[in-house]
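The chain contents come next:
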Amino acid sequence: MPDRTALHEKRGIDRIEDPLLNKDTAFTEAERRKWGLLGLLPPHIDTLEEQAERAYDAFSVKDSLLEKHIFLRQLQDENETLFYRLLLDHVEEMMPIVYTPVVGQACQEFSHIYRRPRGIFLAYPHRDILDDILAEVERDIDVIVVTDGERILGLGDQGAGGMGIPIGKLSLYSLCGGIHPTQTLPVLLDLGTNNKERLEDPRYIGWRHERIKGEEYDAFIDAFVTAVKKRFPDVLLQWEDFASVDAERILAKYRNSLCTFNDDIQGTAAVTTGTILAAIAAAGGKLEDQRIVMLGAGSAGIGITDQLVATMVRHGLGEADAHARFYVLDIDGLLHDGRTDLDEVHRPHAQSLKNLAGWDCDLTKPIGLADVVRNARPTVLVGVTGQAGAFTEEVVREMARNADRPIFFPLSNPTSRAEATPTDLLNWTDGKAVIATGSPFDPVVFGGKTHVIAQCNNSYIFPAMGTAILASGARRVTDNMFMSAAEALRDKSPALKDVNDSLLPALKDIREVSRHIALAVARQAQDDGVADPTTREELERRVDETMWTPEYD
Ligand SMILES: NC(=O)C1=CN([C@@H]2O[C@H](COP(=O)(O)OP(=O)(O)OC[C@H]3O[C@@H](n4cnc5c(N)ncnc54)[C@H](O)[C@@H]3O)[C@@H](O)[C@H]2O)C=CC1
Ligand SMILES: CC(=O)C(=O)O
Ligand SMILES: [Mg+2]
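Being a predicted model, the structure only gives us computed values, none of them experimental.

Digging into the coordination of the magnesium ion (ligand 3)
The textbook angles at a metal center are 109.5 degrees for a tetrahedron of four donors and 90 or 180 degrees for an octahedron of six.
Part 1 of the argument: Donor atoms from the polypeptide that bind the magnesium ion (ligand 3) are Glu240 (OE), Asp241 (OD) and Asp264 (OD), placed at 2.0 to 2.1 Å.
Part 2 of the argument: In the primary sequence, the donor residues of the magnesium ion (ligand 3) line up as E-D-x22-D. One end of the pair, Glu240, is in the loop between strand S4 (236-239) and helix H13 (244-254); the other, Asp264, is in helix H14 (residues 263-282), and 24 residues separate them in sequence. Asp264 carries the same exposure label as Glu240, and that label is buried.

Here's what the structure looks like:
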């Protein structure tokens, strides 16, 4: 085991090369003397603000988004305090660079832009020593984000390049939720890749092998969870961007044995529920009166549907009535009880063929989106397919014929995978569309009015979840905690005050919003008995204490 106490004593170039200790030109004269840094640094002493301004100048002259991403990642590897100070000063400009959409390209290009390691790569050939590898981590870890790289955003299997996602997600834990970066660990489980382009790329840095699946895969995941529980028993373990079939199985297996959640299923469900609740409340309607089409029945689609059904039930609908208000489609069309290919996860979301009796389409053939929209006359259309253009003009125009304020959520990431663009949605609905997207889009001017497009992304939820769990000491993650997160987010919607305003708060306010959500979630953890009770004031104090602001010690 490494000697953790010795770490803070690093001297000379070792101190400068440690991104968690480095202050670079901001080391004071006394620190320079103490740590043997005189001569290694130029004589001028900067403040953090001056360093951030210099870094911003250097960032600004990079002429491609990928170059900007590389610049920020390098800064993160050199000086984490400065990296987060810069991000916090320019959240709206830089979040799309370290997160979606640019992180998608960074994952695709990972092997080509690779500079130095960050996080832990656990590769299948090392399956018998995962525990030993984790034992080498030199810090106590509170949050792990782990992926196996198989479903990176809507970009499919990126193998080891998927590491960009845990790195990006954890950057948001620190940026938005204030979790100190020393407490976080990105993990990539390298079980191979089925991406031919990656396998044939001479620069590919992952394990060059087709994906391991089946019992071997499950045994590997089990060895990983066992090692995590042993080394970091109180850690929050977030699963990210796994293929749907694995994501659901893993969550079901481990959710009651450690503090864990799946962001694509549960985080996405909470942000979408909160945003839909805001959209409906702003328009003066009720959730239980909506007819909702979910295009995509993977991790995100099923997670969102489950939480919206649960919300309708909380609002007084019976479970069967609530389910009947949803039309869930996968690549083979509407899920209905006449289909023989549905698995356990999908069957509860199948429409009864009896309910479709009067529909004007051939019910013996796959029932596509256009048929569903024409017959069900939905008020809400959510896209989580990873398929650009899946909301066709015909479908969108049909929605607008049947609803005064049709709600469209093309949530797929990155931007290139959005099911429709806000501009098209507004054009095709004569400005009636109420919109939120997964990746950021610029405001759209239509009919003389500026429409601010909310970014309905789980980034509004998972960092706050982390803050809540750390502050409250929660031992498990409950469904109620995600419900509280959704409701707390809804309450912060600017559209509740002005129906023409954005559905979600501006990213520049993300810290305050995350704090508000974290408090609600932490209180819920206490109410659910998964965290020890405290007074409200004490909990608030702990949340504030957990939220680190990037400043030098
Ligand atoms: N905005 C946000 O916060 C989030 C967005 N997402 C995005 O949602 C997308 C899907 O993610 P997952 O559910 O995890 O993926 P997944 O691979 O588990 O599911 C995709 C689903 O879409 C269906 N599908 C594919 N093409 C279709 C088509 N043309 N018509 C109808 N259905 C189709 C598939 O059958 C499958 O059910 C990704 O692009 C991801 O980036 C995911 C999580 C969070
Ligand atoms: C945002 C996110 O988690 C995804 O697109 O997978
Ligand atoms: Mg994801």
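A few points about the packing of aromatic side chains
Part 1 of the argument: Taken as a whole, this structure holds 15 aromatic pairs when the rule is applied.
Part 2 of the argument: Consider the rings of Tyr56 and Phe59, whose centres lie 6.1 Å apart with planes at 25°: the pair is stacked. Of this pair, Tyr56 and Phe59 both sit in helix H3 (residues 48-60), three residues apart, which is roughly one turn of the helix.
Part 3 of the argument: Under the relative-accessibility criterion, Tyr56 is labelled partly exposed at 23%.
Part 4 of the argument: Residue Phe59 is classed as buried on the basis of its relative accessible area, which comes to 0%.
Part 5 of the argument: Grouping aromatic residues by their ring pairs yields a cluster made of Phe224, Trp239, Phe242 and Tyr254.
Part 6 of the argument: Between the NZ or CZ atom of Arg15 and the centre of the ring of Trp35, over which it lies, the distance is 3.7 Å.

Examining the sheet that holds strand S9 (residues 380-383)
Whether parallel or antiparallel, the strands of a sheet pair through hydrogen bonds between backbone atoms.
Part 1 of the argument: Strand order in the open sheet made by the seven strands is S8-S7-S6-S9-S10-S11-S14, with mixed pairing throughout. Both edges of this open sheet fall to strand S8 (333-334) and strand S14 (454-455), since each of them pairs with a single strand only.
Part 2 of the argument: Where strand S6 (residues 292-295) and strand S7 (residues 326-330) come together, four bridges link them in parallel fashion. Within the sheet, the bridge partner assigned to Met294 lies in S7 and is Val328.
Part 3 of the argument: Set on the sheet, helix H15 (residues 299-314) makes contact with S6, S7 and S9; between it and S6 the angle comes to about 160°.
Part 4 of the argument: Set on the sheet, helix H17 (residues 369-376) makes contact with S6, S7, S8 and S9; between it and S7 the angle comes to about 170°.

Regarding the site of ligand 2
Part 1 of the argument: In the vicinity of ligand 2, the contacting residues are Tyr99, Arg151, Leu153, Lys169, Glu240, Asp241, Asp263, Asp264, Asn413, Asn457 and Asn458.
Part 2 of the argument: Between ligand 2 and the protein, one listed contact pairs an oxygen atom with a side-chain N or O atom of Glu240 at 2.9 Å.
Part 3 of the argument: Contact between ligand 2 and Asp264: an oxygen atom at 3.0 Å from a side-chain N or O atom of the residue.
Part 4 of the argument: Here the residues of the shell around ligand 2 are counted per class, giving two nonpolar, three polar and six charged.

Some thoughts on the state of the cysteines
Part 1 of the argument: Following the criterion strictly, the structure yields zero disulfides and no others.
Part 2 of the argument: In this structure Cys107 is a free cysteine whose sulfur lies 18 Å from that of Cys176, the closest cysteine sulfur available.

Description of the UniProt feature "domain: Malic enzyme NAD-binding" (unreviewed entry) in the protein
Part 1 of the argument: The sites that UniProt annotates as "domain: Malic enzyme NAD-binding" (unreviewed entry) are residues 265-526.
Part 2 of the argument: The span residues 265-526 shows a helical share of 40% and a strand share of 12%, and its end C-alpha atoms are spaced 23 Å apart.

Section: the nonpolar core
Part 1 of the argument: Of all hydrophobic cores here, the largest spans 101 residues; its most connected members are Leu72, Tyr173, Phe409, Tyr460 and Met481.
Part 2 of the argument: Element by element, the count of residues in this core is highest for helix H22 (residues 510-527), at nine residues.
Part 3 of the argument: Setting aside its immediate chain neighbours within four residues, Met481 contacts Met465, Ile469, Ala474, Arg476, Val521, Gln524, Ala525, Asp528 and Val530.
Part 4 of the argument: One finds Ile141, Leu185, Ala227 and Ile265 within the second-largest nonpolar core, a separate group that totals 33 residues.

Rules used throughout
- Residues numbered from 1 in each chain as written.
- Chains lettered and ligands numbered in written order.
- Predicted model: local features only at pLDDT ≥ 70, side-chain atom pairs only at ≥ 80, totals over all residues.
- Heavy atoms only, no water.
- Donors = N, O, S within 2.8 Å, 3.2 Å for Na, K, Ca; no water.
- Helix = DSSP H or I, 4+ residues; strand = E, 2+ residues; numbered from the N terminus.
- Buried < 20%, exposed > 50% of the residue type's maximum accessible area, 1.4 Å probe, protein only.
- Phe/Tyr/Trp six-rings, centres within 6.5 Å; stacked < 30°, edge-to-face > 60°.
- Lys NZ or Arg CZ within 6 Å of the ring centre and 35° of its normal.
- Pairing = 2+ DSSP bridges.
- Contact = heavy atoms within 4.5 Å.
- Axes fitted to C-alpha atoms, helices over the stretch in contact; angles between N-to-C directions.
- Near = heavy atom within 4 Å.
- Polar contact = N/O pair within 3.5 Å; in protein donor to acceptor, adjacent residues only side chain to side chain.
- Nonpolar A, V, L, I, M, F, W, Y, C, P; charged D, E, K, R; others polar.
- Disulfide = S-S within 2.5 Å.
- UniProt positions renumbered as here; feature names shortened; annotations may be inferred.
- Core = buried A, V, L, I, M, F, W, Y, C linked by side-chain atoms within 4.5 Å.

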